[in-house]
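# Results of the structural survey
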Amino acid sequence: MPLLTDIQFEALEAGVARGESLLVSAPTSTGKTLIGWWTVASAIEAGYTAVYLVSHRALAKQKFEEAKRLFLGDFLAYDRSAIVCATGDSVEDAAGRKTNAPLSSVILVATYEKFLGCLSVGGPPRDLTNICFVCDEVQLVGDKHRGQNAELLLTLMRRAGWRQFVGLSAVLSPGDAQALASWLGIGLIRNPNREKALTIECRTPLATLSVSAGPGFEGLQQQGPPSRSRDVMGVIGELLQQQRNPVIVFCMKVDDTFDLARTWAQSRPAIQIDAPAGVDVEQPLLDALRRRTAYHNAELTEDERLFVEDRLASGQVDVVFATSTLAAGVNFPLGSAAFASWKRWDFDRQMHVPIGRDEFQNMAGRVGRMGQAIAKGHVVLTADGVQESRQAQALMDLTTQAPLGLGITPEHFGTLTLQIFAGRLCTSREDAFDLIGSTLTASRERERNLAGIDHWRDKLFSQIDRLVDIGCLIELHGQITVTTFGVAVAHSGLKPETAIFFIEGLKRSSAQLTQLIDRAGNGTSEDDFVFVLSHAAIRSPEFGIVGGKATRILNWRIGRNGPVPNPYATRLNPILFDQPWVADAGAANGALQLTEWAAGTARGQIEKIVAGVRLGTVQGVARDVSWVLTGVSEIISSVTSPTLADESKPIALRGNGEDVQDVRRLARAIRRQSIRLGVGVPSDVLWMSELRLPGLQSRLRRDDIMSLRRGGLSRPMDLMDGSDQADERRRIALGLQERGGIANLIRNAARTWRQDDRNHSKTMHLRRADRLMLRDQIAALYEKRGTDLEQAFSISLGGLGIPCQPLDVTGRQRFPDFLVSIEDFIPIVVEVKSKVSDQETVPLNAATEVLAASELAGLRNNPCLTLCSPGVDPSVPTFIEAAKRLCVIDVSDFCEAILRLHEGTLTRGGFYNWLTTPGIALAEALPSPATR
């Protein structure tokens, strides 16, 4: 018999599986996620696509795994490109392959901010009526920190329409739920009852106050005698005695999670637990887990958080001390909760203040979830004095929810204004005012303010003036257009001030920075480069208040004790974007740790650099800096394009001086450093992070990559070799004889690495080519070799009307293969290189041969291109970036560009810019398609 919760029944009755749009409001643990999956399933069966929006990166990854488990087989015939996860970290499909066309998927799981960025590329689609949306934690529209992006996104979606919209929330009041549903123009179903009973107990010196809720009753309040235990350790002991485990202990400070876990674990019996092979888990955490205790916070590494979560899910942890990182909507089987504290330090008011009621109820609702054996959840907090008791009772009031905050306020107009003009949603000041006036916040402001939103006009117009002055917008006779610079900044998500900060810094130090990348293969030079970039990113407006509030925050521990000895900063101070380096200890210390992280330095050495800064914190900063550098790379590539009029460039990049050309050369080098920071390994083994392994360990871990490198195994051929001697070398390098099996998995992964990617791309490209009647052309590019591939290349460009003049004719055999002319731009000298076997790659000498050939042909000043099939050796990128006018491209990436040109989602100017930017041209770096 099927079992449904009340809210699930009501949702089905209201037509959620028949395409009806609804706002679903119900407490945590009432099965709202399944309602979302019903929406997705019915969308796919009806031939539509689905977007599942979530509030946090970790939640996106969890929903992504669920989507693969639920839909990949029966619904999508194991087409792994059909499910995509898009977060600030990356955009990948279910096969682990990166893509820059997430809107082409059948199911897209994304954070709100990332999806807003996806929609904004090339201007938001005017029609979204082929998409079914599930918006989880939809109350995010009222969040004072992130609400503006969520609200703008919903405003754009509301204007463009949808096939179906299903919003999910656990913390909306009746009035706010009705207001949100009315603004969205959808139905509302709201059920305040929990499916599983929950009791929240507040222990004071004089009494025990409790509130209970469950099926058929809500918010029953009781008062009893004072409890024996009021300290957190005593409370944990009681809950365990009552078999209400696992117990989550919520802490307001990261340090408390460490300290309390250590104190609790000291008295617990030990069991034998080892970290999974290849997973680096800090010793204090491993010691705690051996006593069925854990801590969970933002300073753990990704591997450590996953390890704790796996142990928790499998019932091997009795008590976990956690910050709110474990309460962000992720589903874990928690039996009870205790609050070590429920107040946080407010820096503006210089005092501890209670957390919000919605946050408290969300955290408390994590316990006693559906599917657990326990009869009901139990939550305990303590309070001292009359005032604290009243504050606690306000948090515990389950009959009311905190009012929905204001997502958009005038302080957000700077970011929003650029987004709406870059998205071509407006062409004048009044258009922009009307759009902002259509937001939820504007409608609520009109209801409570007789003057309406007229006071917003001056603040909006001042932001338009600011963007005109910066060079993002141009205003002429009342009409406003966005510049190429403005579009690039909007798409990157960075502040305009950050872009200008980097452009000016890169130009000022361009000669020295290009010298660093010119020393190809020199690890010290590359580390110097990443230090300068990391220091600049942390010193940029993203981490400060210039251009609006900070978008990223540097962990306070990094600079609290002043600057540490820093040989990089001392040596590189003259070319740092901000000097002297000792003026900002956080930026200098952070850049030093990030440089060591990117160099593959061992955990212990990285954590010794700055006392108290764990590797997880370094990883978090690396993600933020990587995000900044990725955006900077995209902006630089766009605004230095040779197809762009000089007047359209930022002032610092006008003219065609050598320094401007040097800045252009840095674009792809910066992007590669951003990837290094995301992985934490040197460039020569960065390719290993793309290897896909079968089973739970789907990727080669950082420690394994560095172990192989130290063993002298850094090239694909080193890992592909199947001889007994090579197998032994791999096992010795990994250092764990009992992991002999993984050495073979790595060998097999290396052998199929390029081939799998190539076959996947070929399948996808041929499917698109069929719609364009181009199957033979695309198939030839993949399958032909030698002179046949040269002919296929020429035919593919000829089909687009792009002249491709042969140069290596009789008598000129050492000349390049072709001279390609795109519009009136400087022609590109092209060499086509191929290998017969799919397991072979084009080596460095062959990839760079076109440079000498171009000089022989008298074309020493022309941009050069090498097309490689099946692909180029992964050691090549650093050397290619050192070549001032050479771009190298794999044939599968070239096919993607050819198809986009035919589909109309790539301009010839964008194609030329992509082919002439020095470095490796990747499909993911193509200008993203504007629409589906």
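A few points on the structure. Remember, predicted model here, so these are calculated numbers, not experimental data.

## What about the overall build of the chain?
- A tally of regular secondary structure across the chain gives 35 helices and 26 strands.
- In summary, the chain has a C-alpha radius of gyration of 29 Å against a globular reference of 30 Å for 932 residues, a match within 12%.
- Principal-axis analysis of the C-alpha atoms places the extent of the chain at approximately 100 × 70 × 65 Å.
- Counting all 932 residues of the chain, 59% fall into the buried class.
- Sequence separation of at least 24 residues holds for 70% of the intrachain contacts in the chain that already meet a minimum separation of 6.
- For the chain, the exposed area adds up to about 37,200 Å²; of that, 50% sits on carbon and sulfur atoms.
- Side-chain charges in the chain split into 102 positive and 107 negative, and the spacing between the mean points of these groups amounts to 2 Å.

## Topic: a nonpolar patch on the surface
- Nonpolar side chains collect at one region of the surface, where Trp345, Phe347 and Met351 lie side by side and expose about 350 Å² of accessible area between them.
- Take phenylalanine 347: it is sitting in the loop between strand 16 (343-346) and strand 17 (351-354).
- Taking the relative accessible area as the measure of exposure, phenylalanine 347 reaches 66% and is therefore exposed.

## Looking at the sheet that holds strand 7 (residues 164-169)
- Overall, mixed pairing links the 8 strands, which are arranged 4-3-5-2-6-7-1-8 in an open sheet. Of all strands in the sheet, those with a lone pairing partner are strand 4 (91-93) and strand 8 (187-190), marking the two edges. Across the sheet, the axes of successive neighbouring strands diverge by a mean angle of 15 degrees, strand direction being ignored.
- Note: strand 3 (residues 83-86) against strand 5 (residues 107-111), 4 bridges, orientation parallel. By the bridge assignment for strand 5, alanine 86 is matched with alanine 110.
- Against the sheet, helix 1 (residues 6-13) makes contact with strand 1 (22-25) and strand 8, and its axis sits at roughly 160 degrees relative to strand 8, the strand it touches most.
- Across the sheet, helix 6 (residues 174-184) lies against strand 1, strand 7 and strand 8, angled at about 155 degrees from strand 8, the strand it touches most.

## Here's the deal with the environment of valine 582
- Here valine 582 is to be found in the loop between helix 21 (567-572) and helix 22 (585-598).
- Residue class for valine 582 comes out partly exposed when judged on its relative accessible area of 45%.
- Between the C-alpha atom of valine 582 and that of serine 169, which follows or precedes it by 413 residues, the distance is 47 Å.

## Some remarks on the nonpolar core
- Counting residues in each nonpolar core, the largest one holds 125 residues, and the members touching the most others are Phe115, Phe133 and Met157.
- In terms of residue count, the dominant contributor to this core is helix 24 (residues 615-639) (12 residues).
- Setting aside chain neighbours within four positions, we find methionine 157 in contact with Leu53, Phe115, Leu119, Leu128, Phe133, Cys135, Trp162 and Phe165.

## Digging into the packing of helix 13 (residues 413-422) against helix 16 (residues 456-470)
- Relative to each other, helix 13 and helix 16 sit at 65 degrees, their axes nearing to 9 Å. Relative to helix 16, helix 13 is oriented roughly perpendicular. In this structure, helix 13 crosses over helix 16, and the sense of that crossing is right-handed. Packed against helix 13, whose contacting residues are Phe413, Gly414, Thr417, Leu418 and Phe421, the element helix 16 presents Trp456, Lys459, Leu460, Gln463, Ile464, Arg466 and Leu467 at the interface.

## Notes on the pattern of salt bridges
- If you walk through the whole model with that rule in mind, you get 62 salt bridges.
- The closest approach of N and O atoms between glutamate 302 and arginine 57, which form a salt bridge, is 2.7 Å. Here glutamate 302, found in helix 10 (residues 302-313), pairs with arginine 57, found in helix 3 (residues 57-71); they are 245 residues apart in sequence, far enough to count as distant.
- What makes arginine 57 partly exposed here is its relative accessible area of 22%.
- Here arginine 305 makes a salt bridge to glutamate 302, at a shortest N to O gap of 3.5 Å. Here arginine 305 pairs with glutamate 302, and both are found in helix 10, just 3 residues apart, close to one helical turn.
- Overall, glutamate 302 belongs to the partly exposed group, its relative accessible area being 24%.

## Details of helix 26 (residues 702-710)
- Among the residues of helix 26, Arg702, Asp704, Ile705, Met706, Ser707 and Leu708 are the ones counted as buried.
- Directly beyond the C-terminal end of helix 26, a positive phi value near 80 degrees is found at glycine 712.

Calculation criteria
- Here, residues in each chain are numbered from 1, in the same order as that chain's written sequence.
- Predicted model: local features are reported for residues with pLDDT of at least 70 only, side-chain atom pairs are reported and counted for 80 or more only, and whole-chain, interface and lining totals are derived from all residues.
- Think of the side-chain values as coming from all heavy atoms in the structure, minus any hydrogens and water.
- Secondary structure elements follow DSSP: runs of H or I no shorter than four residues count as helices, runs of E no shorter than two count as strands, and numbering proceeds from the N terminus.
- Radius of gyration: over C-alpha atoms. The globule rule applied is 2.2 Å multiplied by the number of residues raised to the 0.38 power.
- Throughout this description, buried means an accessible area under 20% of the type-specific maximum (1.4 Å probe, protein chains only), exposed means over 50%, and partly exposed covers the range between.
- Any pair of residues with heavy atoms lying within 4.5 Å of one another is described as a contacting pair.
- Using a 1.4 Å probe, accessible areas were evaluated by the Shrake-Rupley method; residue-level cover was limited to the displayed protein chains.
- When charges are tallied, Lys and Arg are placed among the positive residues and Asp and Glu among the negative ones, while His and the ends of the chain are skipped.
- One atom stands in for each charge, and that atom is NZ of Lys, CZ of Arg, CG of Asp or CD of Glu.
- Patch construction takes residues with relative accessible area above 30% that form no salt bridge. Like charges are linked within 9 Å, and nonpolar side chains (Val, Leu, Ile, Met, Phe, Trp, Tyr) are linked within 5 Å.
- Only one rule defines a salt bridge in this text: a Lys or Arg side-chain nitrogen within 4 Å of an Asp or Glu carboxyl oxygen.
- Strands are labelled as partners when DSSP assigns at least two bridges between them.
- Comment: axis = line fitted to C-alpha atoms, over the contacting stretch for helices; angle = value between 0 and 180 degrees taken between N-to-C directions.
- Put simply, buried Ala, Val, Leu, Ile, Met, Phe, Trp, Tyr and Cys residues joined by side-chain atoms within 4.5 Å make one nonpolar core.
- For classification purposes, angles smaller than 35 degrees are called roughly parallel, those larger than 145 roughly antiparallel, those between 65 and 115 roughly perpendicular, and all remaining angles oblique.
- Rotating anticlockwise by less than a right angle from the far helix to the near helix defines a left-handed crossing, while the corresponding clockwise rotation defines a right-handed one.

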